[in-house]
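Listed below are the residues making up each chain.
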Amino acid sequence: MPTLMSSNGRKRNGGDFNALDFFSGCGLVTEALKPWFTTLWANDICPKKCAVYVANFGGDHLVQGSITKVDGSEIPSADLAWASFPCQDLSLAGNMDGLSNGSRSALYWEWVRILEEMNERRRPPVLCAENVVGFLVADEGKQFRSAYLALRKLGYLAGALVIDAIHFLPQSRPRSFLVAVKEGTPFERETLTAQEPHPLYHGKAVLTAWKTADDPEWLWWILPQPPRRNLQSGLRPIIITLRDKVEGTTLLAENAGVRDRVEVYAAETFISTNVNELAKFEGARLKTTTRDLVKRYNEIITNVENDPSLKIEER
Ligand SMILES: C[S@@+](CC[C@H](N)C(=O)[O-])C[C@H]1O[C@@H](n2cnc3c(N)ncnc32)[C@H](O)[C@@H]1O
């Protein structure tokens, strides 16, 4: 992990940082941050999810209830405020009401209100809002633009990236992240950002968001190169299944109903992000097929993105 620095510029070791986990649910963010961050405060409205959270992390720092009742002045100061806010109004599986009309994704603005209420000095140096990719593209990026500008207004530099779980697991699950750092906070720009879009993290959806944000200060956040996958062993059965899908893909995409398209989407995301390794593994024949497939994949995604009645992802 690249070196993080505290807001006073001193380097700190993993585990030394503190986080606020908004929309904490069962605690997956708290769990993922554990090697580097201690969660000082968490909040969720769902009693069942809170019970799971308490069973795993204790309840002393968890506030069960609606974020609408949280007062920013009561929250401890921390290095990071994370918000995995509800996705239903931004997901193609939902009604696409977005951040302005939706009763759930619009809770993003409660998070912003709380950040406003924490005064400038106590506001965390780093923010992250995570959601489905619809966050970036809903309403042709206009919803994202207002979310982005709200953080800029609070004195943060920001940018978005998409990370797909498929780089780490045999499952495609792209998620968008709006990451912001308070102006003046020292951070390793050369390790954590790129000069220009990186194909792995800044695909079409991020480019839509960037164009709509229209801000020269935009940050192209990047991650270290994902680990190389060992296709010869654990993933072999999946590759074989996918090879079958490759052969039927065009047909499927043309004739499929919603469920099939979801499968096509997952298969093709996997294939298109692993073109070189797959070609090595399967030989030249697949290499040609894969190239065609990637082209077809891009066409399908464009169609799916333009068709709100199709389900791509649910959570
Ligand atoms: C996308 S999920 C986050 C999942 C979480 N990261 C986890 O590990 O389970 C969004 C969460 O927002 C919570 N939520 C919905 N409305 C809320 C509200 N008014 N106040 C606080 N939390 C709310 C839901 O209960 C859900 O757990």
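Residues numbered from 1 in each chain as written. Predicted model: local features only at pLDDT ≥ 70, side-chain atom pairs only at ≥ 80, totals over all residues.

Colleague: Give me the lowdown on the environment of Leu154, citing residues and values where you can.
Modeller: Inspection of the secondary structure assignment puts Leu154 in the loop between helix 6 (142–153) and strand 6 (156–164). Excluding residues that lie within four positions of it along the chain, Leu154 makes contacts with Leu115, Glu116 and Arg123. (Helix = DSSP H or I, 4+ residues; strand = E, 2+ residues; numbered from the N terminus. Contact = placed C-beta atoms within 7 Å.)

Colleague: Could you give me a rundown of the site of the ligand, with the residues and numbers involved?
Modeller: In the vicinity of the ligand there are 19 residues, among which Phe23, Gly25, Leu28, Cys46 and Ile67 approach most closely. Elements with a minimum of two residues in the shell around the ligand: helix 1 (28–33) and strand 2 (37–44). When the residues that make up the shell around the ligand are grouped by side-chain class, the tally is ten nonpolar, seven polar and two charged. (Near = placed C-beta within 6 Å. Nonpolar A, V, L, I, M, F, W, Y, C, P; charged D, E, K, R; others polar.)

Colleague: Explain the sheet that holds strand 7 (residues 174–182) residue by residue, including any values.
Modeller: Backbone-to-backbone hydrogen bonds pair the strands of a sheet. The strands run either parallel or antiparallel. Across the sheet, which stays open at both edges, the seven strands sit in the order 3-2-1-4-5-7-6 with mixed pairing between neighbours. Among the strands making up the open sheet, the edge pair consists of strand 3 (62–64) and strand 6. With direction set aside, neighbouring strand axes in the sheet form an average angle of 15°. By the bridge criterion, nine bridges tie strand 6 to strand 7 in an arrangement that is antiparallel. Looking across to strand 7, one finds that Val162 is bridged to Ser176. (Pairing = 2+ DSSP bridges. Axes fitted to C-alpha atoms, helices over the stretch in contact; angles between N-to-C directions.)

Colleague: Describe the nonpolar core, with residues and values.
Modeller: Counting 62 residues, the largest nonpolar core has Leu20, Ala81, Trp111, Leu136, Ala158, Leu178 and Ala180 as its most contacted members. Sorting elements by how many residues they give to this core places strand 6 first, with six residues. The residues contacting Leu20, other than those within four sequence positions of it, are Leu40, Trp41, Ile75, Ala78, Leu80, Ala81, Trp82 and Pro124. (Core = buried A, V, L, I, M, F, W, Y, C linked by C-beta atoms within 7 Å. Buried ≥ 20, exposed ≤ 12 C-beta atoms within 10 Å, placed from the backbone.)

Colleague: Describe helix 6, listing the residues and the values that go with them.
Modeller: Taking 1.5 Å of rise per residue, the twelve residues of helix 6 would be expected to cover 16 Å, and the 16 Å separating its terminal C-alpha atoms lies within 8% of that figure. Considered for burial, the residues of helix 6 that qualify are Gln143, Phe144, Ala147, Tyr148, Ala150 and Leu151. Axial view of helix 6: buried residues confined to an arc of 155°, hence all on one face. A positive backbone phi angle near 95° is found at Gly155, which sits one or two residues after helix 6. (Expected span 1.5 Å × (residues − 1). Arc of directions from axis to C-beta.)

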